[in-house]
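The primary structure of each chain is shown beneath.
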Amino acid sequence: MLSKNIFDNCTGLVSVAIPKTVTSIEKEAFYNCNSLATIALPSNVNSIGSCAFWNCNNLVEVVVEMERPVSIVANTFQNRSNAILRVPKGSKEIYEASTYWNEFKKIMEEGENLSPSLTFADA
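Quick look at the structure, then.

**With respect to the environment of Ala40**
- For Ala40, the position within the fold is in strand S3 (residues 38–41).
- We classify Ala40 as partly exposed; its relative accessible area is 27%.
- Sequence separation between Ala40 and Arg86 is 46 residues, and the spatial gap between their C-alpha atoms is 9.2 Å.
- Ignoring any residue separated from it by four or fewer positions in sequence, one finds Ala40 in contact with Val16, Ala17, Ile18 and Val63.

**Side note on the nonpolar core**
- Ranked by size, the top nonpolar core spans 30 residues in total, and within it Ile25, Phe30, Leu41, Ile48, Phe53, Phe77 and Trp101 carry the most contacts.
- Counting only elements with at least two residues in this core, the list comes to S3, strand S5 (61–64) and strand S6 (84–87).
- Beyond its immediate chain neighbours, meaning those up to four positions away, Ile48 contacts Ile25, Leu41, Phe53, Val70, Ser71, Ile72, Thr76 and Trp101.

**What to know about the environment of Thr76**
- Mapping Thr76 onto the fold places it in the loop between S5 and S6.
- The sequence separation of Thr76 and Cys51 amounts to 25 residues, and the corresponding C-alpha distance is 4.4 Å.
- Those residues in contact with Thr76 that lie beyond four places of it in its chain are Ile48, Gly49, Ser50, Cys51, Ala52, Phe53 and Trp54.
- Reaching out from Thr76, the side chain makes a polar contact with the backbone nitrogen of Val73 at a distance of 3.1 Å.

**Describing the sheet that holds S6**
- With respect to topology, 5 strands assemble into an open sheet ordered S1-S3-S5-S6-S7, the strand pairing being parallel. The open sheet has two free edges, formed respectively by strand S1 (15–17) and strand S7 (106–109), since each of these has just one partner strand. Here the strands of the sheet are splayed against their neighbours by 15° on average, with no regard to which way each runs.
- Pairing geometry for S3 and S5, over 4 bridges, is parallel. Counterpart to Thr38 in the pairing with S5 is Glu61.

**A few points about the pattern of salt bridges**
- Applying the stated criterion to the full structure yields 3 salt bridges.
- The residue Glu61 makes a salt bridge to Arg86 at a minimum N-O spacing of 2.4 Å. Of this pair, Glu61 sits in strand S5 while Arg86 sits in strand S6; the two residues are 25 residues apart in sequence, bridging distant segments of the chain.
- Owing to a relative accessible area of 19%, Arg86 belongs among the buried residues under this scheme.

Parameters and conventions
- Residues numbered from 1 in each chain as written.
- Predicted model: local features only at pLDDT ≥ 70, side-chain atom pairs only at ≥ 80, totals over all residues.
- Heavy atoms only, no water.
- Helix = DSSP H or I, 4+ residues; strand = E, 2+ residues; numbered from the N terminus.
- Buried < 20%, exposed > 50% of the residue type's maximum accessible area, 1.4 Å probe, protein only.
- Contact = heavy atoms within 4.5 Å.
- Core = buried A, V, L, I, M, F, W, Y, C linked by side-chain atoms within 4.5 Å.
- Polar contact = N/O pair within 3.5 Å; in protein donor to acceptor, adjacent residues only side chain to side chain.
- Pairing = 2+ DSSP bridges.
- Axes fitted to C-alpha atoms, helices over the stretch in contact; angles between N-to-C directions.
- Salt bridge = Lys/Arg side-chain N within 4 Å of Asp/Glu carboxyl O.

Following this line, the structure appears as structure tokens:
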């Protein structure tokens, strides 16, 4: 479990990958981590508290390994309308039908590319 307020006001935190041993993220765990841009949630997470990621205004991507969405409330992810949600293959429809999860800017399945990209070899 990630306790209430464990990382609140940690303004230098940019990315977080929650360990697979975590099953619960308590309310306000990442409250006011305003530099947090990416979050990865393992498949073992079965609850996320209110305001867990509130005031994370730079959030651009949330990657979930849960095939089925856990219940969240309106204030769990404040900036979800500006963030992409990446879900396991075959889970897109269930997230699109889930309250609050369906309010992410875009929901993409694992393996989907956001946009075409170019990679150049070193010259």
